[in-house]
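Spelled out from the first residue to the last, the chains are:
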Amino acid sequence: MVKDFFERLDKFYEENQFHQAEQFLEQSLQDSADKADYEGCLTVLSEMTGYYRTAGRHEEGMLCVEQMLGISQLAGIEGTPQYGTLLLNAATECRAAGEMEKAKEYYDRAETLIKTHMGSDSYEMASLYNNRSILYAESGRLKEAKEELLLAMNLIGCMENSEFEMAVSYTNLGNICFGLNDIPEGIRHMEKAVSIFEKNPDRKDAHYAAALSGLAEARFRQGDLEKAVQYYEKTLCELEQTYGKNGDYVTTEKNLEIVKDALHRKNAVLTGKRRGMDLARGYYKEYVKPMLLKKYPAYAKRIAVGLSGEGSECLGYDDEYSSDHDFGPGVCLWLTKSDYDAIGAALSNDYAHLPGEYAGFPVRNSTEHGKNRVGVFEIGDFYRRLTGHPHAPASFSDWMQIPEEALRAAVSGEVFEDELGEFTRRREGFLKYPEEVRLEKLALELGKLAQTGQYNFSRMKRRGDFGAVYLTTAEFIQSAIHAVYLLNQTYMPYYKWKMRGLLDIETAKKVREAIEQLMRANLMEDGAEKLMEDICDLIRAEVKRQGFSSGTHSFLEMTKEEVFAFLTDMRNRKYTEKLIDSIVAKEWAQFGNVQNEGGRAACQDDWETFSIMRKSQFLTWETDVLESYLDDLQQAEMEEKNLLEEKYARMLFNTDPKAYEKICDRLPPRSEERIRIQEEIIRQEVLWAKELEAEYPKLRAGGRKVSSSEDTTYETSVESYLRGELGTYSDETIQRYQAMIEKRKKEGRNPAKENLLHTVRAYGYFSLEEAEEKTK
């Protein structure tokens, strides 16, 4: 009865009558159920489970499993060898249906029964190990999958006529090794599988083609493109002979074309010895430029052309290994927004239809990750895609948030032509970090170097925490590399090029060599700490050389604090410069509106001299005085008053008393206390002016006379000028100014001397001594 069942079922399968086979199985199950033939039901259900599994109909397959296990309980066969076989079948269906936990449970239950009734070295035990290996592999537990499969192979290898099963197992083991990224071991197993299949050509099956394809993929990943082509070609031949040009054949054919293309590109690079940037430039001259001149003559000179962005060729690091992806002749065409809106779509289409090869090199073989690296771009979109900004950001926080490798990509490569200049203008905005951003990042990296290499490394080592030691070292190396790039005002590239990029920095040679030594060191032995300290010393010395620290502290945490202090001072200076610029701009506007009796004076149109003189004075002031005086100017604007005109009016008190008498009642009155404060300030500033005159007589000879007694109608002394200017200040400003003068006296400083130093430097002299010596 059972024999007849299997013979009829096999015949349906042999004749590919699958629908009839399913009907036969259903009828056979019904017949067995009608007779209460539990054994017959279990036999049929076991075959039905396999049928539905093969057809991918897992809901029906799982229903068969439930029925099979239920009938087993009714039949009382639990604990028998037959039940163990049924559990194996049930587990395999659960695995195929994605019910991994259930599958594991059934495999484990089957293992106990098989070992008890059939032996630990039985074929059934080998089958269980093999199936559980597949379960683990499909669950991503590759190490356990490998262990189970090796157990199966140890048993199968001892059995007679097991060559075919071993070949299949070697194929599966090779795929597991590939999944574990152990390519060499995977290749060894695949080669054994292929060798066995080829010795037994009558027993080849899908696993032979799988082994060939696996070897092809492995050789491709190793960069052995010639062997990859050979194995893919053998795979195609085997698939076509055995199964025809099915889906696997089509996939393999596509893979072969990819490898052949990569091989062609590699050979072209090796033979032609041309780099990606050179190919881009040649492609532009040969094909792109003629197309632009012919089809877009009105726009040709407005389009910037070059190659920039992501990719090793933009960094100049490309070689024969770069040619297998996102490589080949191609350029970027950068258009303004209006030009892109007008011709962008048409130009993109024309670019896409340019010749597909140049100088023996096929055009780019772009991957999904590397697409849109060449072609037509709107300038703002190009920079936005890389950095998130259409042009260099204005704010500190925006700069801090842009990934550094994105900035490196944005300024990489070359611009071949940009007659309009718009692309280059934006590119220059991204070329390097603003100093405030660079120092902020540098200080943070110095802190990390101190914490990782100078503090935590030895602590983790003393604890014997192997993992923490290596993680700490990795953080230290990352921060050391980043600090070097920051100190050299160069953006750090994508992670795989960070060490390569240090070769381009001449001053980084010693640091790079020390980092490489650290990478090769046995971190748990002595010596690593000294290497880290050497790296810290080199970085600290460069920080000192650039003037950001004293260099006296061995612990980089202290160096970090010095850099932050320098940064704070720089930010204050930057704020002061903004205040001074605002003040001078407002004064210049008021100065131009001063009405003179003899008409407009020449000095009212001499911005350069006005700017130098006023900025030199304000650079000696405290921030709070600048802020108060700027408020005075802003208040005067709102009240439509001119403080510069008032200043010159107040000077008449000394230079032309009669004229002063006529206008003094129109000037804001000053209290006796206010006048007393002003006169105290004037006395001190006159003393400083006299000291300066005695020390640098030649320089002072060309300036104002010091005392009011030396005034003329056309020349105003320092004393009279001060009396006029101080008289325009608000009470708040004069109080702050007085406090500043007292502070300067205590500090032993001469603001008149500092003022003159700023002036001569603005005219190109390094020092007052140099200017005095060269003054006639």
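See the structure printed just above.
Keep in mind that what you see is a predicted model, and the values were worked out from it rather than measured. (Residues numbered from 1 in each chain as written. Predicted model: local features only at pLDDT ≥ 70, side-chain atom pairs only at ≥ 80, totals over all residues. Heavy atoms only, no water.)

Visitor: Give a detailed account of the nonpolar core, specifying residues and quantitative values.
Guide: By size, the foremost hydrophobic cluster in this structure holds 87 residues, and its most contacted members are Leu292, Leu333 and Leu347. Looking at this core, the element that brings in the most residues is helix H22 (residues 466-487), giving 11 residues. Excluding residues that lie within four positions of it along the chain, Leu347 makes contacts with Met291, Leu292, Tyr296, Ile303, Leu333, Leu335 and Val376. One finds Phe5, Phe12, Leu87 and Ile114 within the second-largest nonpolar core, a separate group that totals 80 residues. (Core = buried A, V, L, I, M, F, W, Y, C linked by side-chain atoms within 4.5 Å. Buried < 20%, exposed > 50% of the residue type's maximum accessible area, 1.4 Å probe, protein only. Helix = DSSP H or I, 4+ residues; strand = E, 2+ residues; numbered from the N terminus. Contact = heavy atoms within 4.5 Å.)

Visitor: Describe in detail helix H6 (residues 100-117), supporting the description with residues and values.
Guide: Between its terminal C-alpha atoms H6 stretches 26 Å, which fits the 26 Å expected from 18 residues at 1.5 Å a residue. Taken together, the buried positions of H6 are occupied by Ala103, Tyr106, Tyr107, Ala110, Glu111, Leu113 and Ile114. Buried positions along H6 lie against helix H4 (58-75), helix H5 (81-96) and helix H7 (123-138). Immediately beyond the C-terminal end of H6, within one or two residues, lies Gly119, with a positive phi of roughly 100°. (Expected span 1.5 Å × (residues − 1).)

Visitor: Please set out a negative patch on the surface residue by residue, giving values where relevant.
Guide: The grouping of Asp4, Glu7, Asp10, Glu14 and Glu15 at the surface amounts to a negative patch. Here Asp4 shows up in helix H1 (residues 2-14). (Patch = residues over 30% accessible without salt bridge, like charges linked within 9 Å, V, L, I, M, F, W, Y side chains within 5 Å. Areas by Shrake-Rupley, 256 points an atom, 1.4 Å probe, with all protein chains shown as cover. Salt bridge = Lys/Arg side-chain N within 4 Å of Asp/Glu carboxyl O. Lys, Arg positive; Asp, Glu negative; His and termini not counted. Charge placed at Lys NZ, Arg CZ, Asp CG, Glu CD.)

Visitor: An account of the environment of Lys774 is needed here, citing residue identities and associated values.
Guide: Mapped onto the elements, Lys774 comes out in helix H36 (residues 768-774). Along the primary structure Lys774 and Leu699 are separated by 75 residues, whereas in three dimensions their C-alpha atoms are 9.4 Å apart.

Visitor: Please provide a residue-by-residue account of the side chain of Lys461, values included.
Guide: Topologically, Lys461 is positioned in helix H21 (residues 435-463). With sequence-adjacent residues up to four places away left out, Lys461 is seen in contact with Val469, Leu523, Met524, Glu525, Asp526 and Glu529.

Visitor: Tell me about the sheet that holds strand E5 (residues 375-378), residues and numbers included.
Guide: An order of E5-E2-E1-E6 is seen for the four strands of this open sheet, with the pairing classed as mixed. The outermost strands of the open sheet, each flanked by one partner alone, are E5 and strand E6 (414-417). Averaged over all pairs of adjacent strands, the angle between strand axes in this sheet comes to 35°, irrespective of strand direction. Of the pairings in the sheet, the one linking strand E1 (residues 304-307) to E6 comprises three bridges and is antiparallel in character. Bridged to Val305 within E6 is Glu417. Helix H14 (residues 276-295) rests against E1, strand E2 (332-335) and E6 of the sheet, and its axis sits at about 25° to E6. (Pairing = 2+ DSSP bridges. Axes fitted to C-alpha atoms, helices over the stretch in contact; angles between N-to-C directions.)

Visitor: Provide a residue-level description of the environment of Cys94, including the pertinent values.
Guide: Within the secondary structure, Cys94 is located in helix H5. Separated by 33 residues in the primary sequence, Cys94 and Gly61 have C-alpha atoms spaced 8.5 Å apart. Residues contacting Cys94, with those up to four places away along its chain left out, are Met62, Glu99, Lys102, Ala103 and Tyr106.

Visitor: Could you give an account of the packing of helix H2 (residues 18-34) against helix H3 (residues 38-55), naming the residues involved and the relevant values?
Guide: The contact between H2 and H3 brings their axes to 9 Å, and the two run at 155°. By the angle between their directions, the pair H2 and H3 is classed as roughly antiparallel. With respect to the hand of their crossing, H2 and H3 are arranged in left-handed fashion. Together, Phe18, Glu22, Leu25, Glu26, Ser28, Leu29, Ser32 and Ala33 of H2 and Gly40, Cys41, Val44, Leu45, Glu47, Met48, Tyr51 and Tyr52 of H3 make up the contact between the two elements. (Parallel < 35°, antiparallel > 145°, perpendicular 65-115°, else oblique. Left-handed = near helix turned anticlockwise from the far one by under 90°.)

Visitor: Can you explain the packing of aromatic side chains? Please cite residues and give values.
Guide: Taken as a whole and assessed by the stated rule, the structure comprises 36 aromatic pairs. For the ring pair Phe5 and Phe24, a centre distance of 5.5 Å and an interplane angle of 25° mean the geometry is stacked. Taken as a pair, Phe5 in helix H1 and Phe24 in helix H2 lie far apart in primary sequence, 19 residues in all. With a relative accessible area of 10%, Phe24 lands in the buried category. (Phe/Tyr/Trp six-rings, centres within 6.5 Å; stacked < 30°, edge-to-face > 60°.)

Visitor: Mind laying out unusual backbone geometry, listing which residues take part and the relevant values?
Guide: Peptide bonds are, in most cases, trans, and in most cases residues other than glycine have a negative phi. Positive phi values are uncommon outside glycine, yet Asn161 reaches one of about 55°. Its identity as a non-glycine residue notwithstanding, Gln489 has a phi of 50°, on the positive side. Residue position: Gln489 is located in the loop between H22 and helix H23 (498-502). Take Gln489: its relative accessible area is 36%, and that puts it in the partly exposed class.

Visitor: Just give me the short version of the state of the cysteines, but keep the residues and values in it.
Guide: Applying the stated criterion across every chain yields a total of zero disulfides. Of all cysteine sulfurs in the structure, the one in Cys314 sits closest to Cys332, which takes part in no disulfide; the separation is 6.7 Å. Residue classification places Cys332 among the buried positions, given a relative accessible area of 0%. (Disulfide = S-S within 2.5 Å.)

Visitor: Provide a residue-level description of the pattern of salt bridges, including the pertinent values.
Guide: One pass over the full model with this rule turns up 61 salt bridges. The salt bridge partner of Arg302 is Asp339, with a shortest N-O separation of 2.8 Å. Of this pair, Arg302 sits in the loop between H14 and E1 while Asp339 sits in helix H16 (residues 337-352), and the two are 37 residues apart along the sequence. Note on Arg302: relative accessible area 33%, which makes it partly exposed. The salt bridge partner of Glu646 is Arg650, with a shortest N-O separation of 2.9 Å. Of this pair, Glu646 and Arg650 both sit in helix H29 (residues 643-655), four residues apart, which is roughly one turn of the helix. Take Glu646 and Arg650: they sit in the same class, and that class is buried.

Visitor: Explain the packing of H22 against helix H25 (residues 528-545) to me, and be specific about the residues and the numbers.
Guide: Following both chains from N to C, one finds H22 and H25 inclined at 20°, their axes separated by 11 Å at the closest point. Relative to H25, H22 is oriented roughly parallel. The two elements H22 and H25 cross, and the hand of that crossing is left-handed. Across the interface between the two elements, Thr473, Phe476, Ala480, Ala483 and Leu487 from H22 touch Met532, Ile535, Cys536, Ile539, Glu542 and Val543 from H25. Within the contact of H22 with H25, the residues separate by chemical class into nine nonpolar, one polar and one charged. (Nonpolar A, V, L, I, M, F, W, Y, C, P; charged D, E, K, R; others polar.)

Visitor: Explain the side chain of Thr92 residue by residue, including any values.
Guide: Tracing the sequence through the fold places Thr92 in helix H5. On the basis of relative accessible area, Thr92 is assigned to the buried category, the value being 11%. Side chain to side chain, Thr92 and Tyr107 meet in a polar contact 3.2 Å long. Here Thr92 is in contact with Arg53, Tyr107 and Asn131, once residues within four sequence places are set aside. (Polar contact = N/O pair within 3.5 Å; in protein donor to acceptor, adjacent residues only side chain to side chain.)

Visitor: So, a nonpolar patch on the surface: which residues are in play, and what are the values?
Guide: A contiguous nonpolar patch, built from Phe466, Tyr470 and Met524 and spanning about 280 Å² of accessible area, is present on the exposed surface. Its location among the elements puts Tyr470 in helix H22. Residue classification places Tyr470 among the partly exposed residues on the basis of a relative accessible area of 36%.

Note that every value here comes from positions in space, so none of it alone points to a role or purpose.
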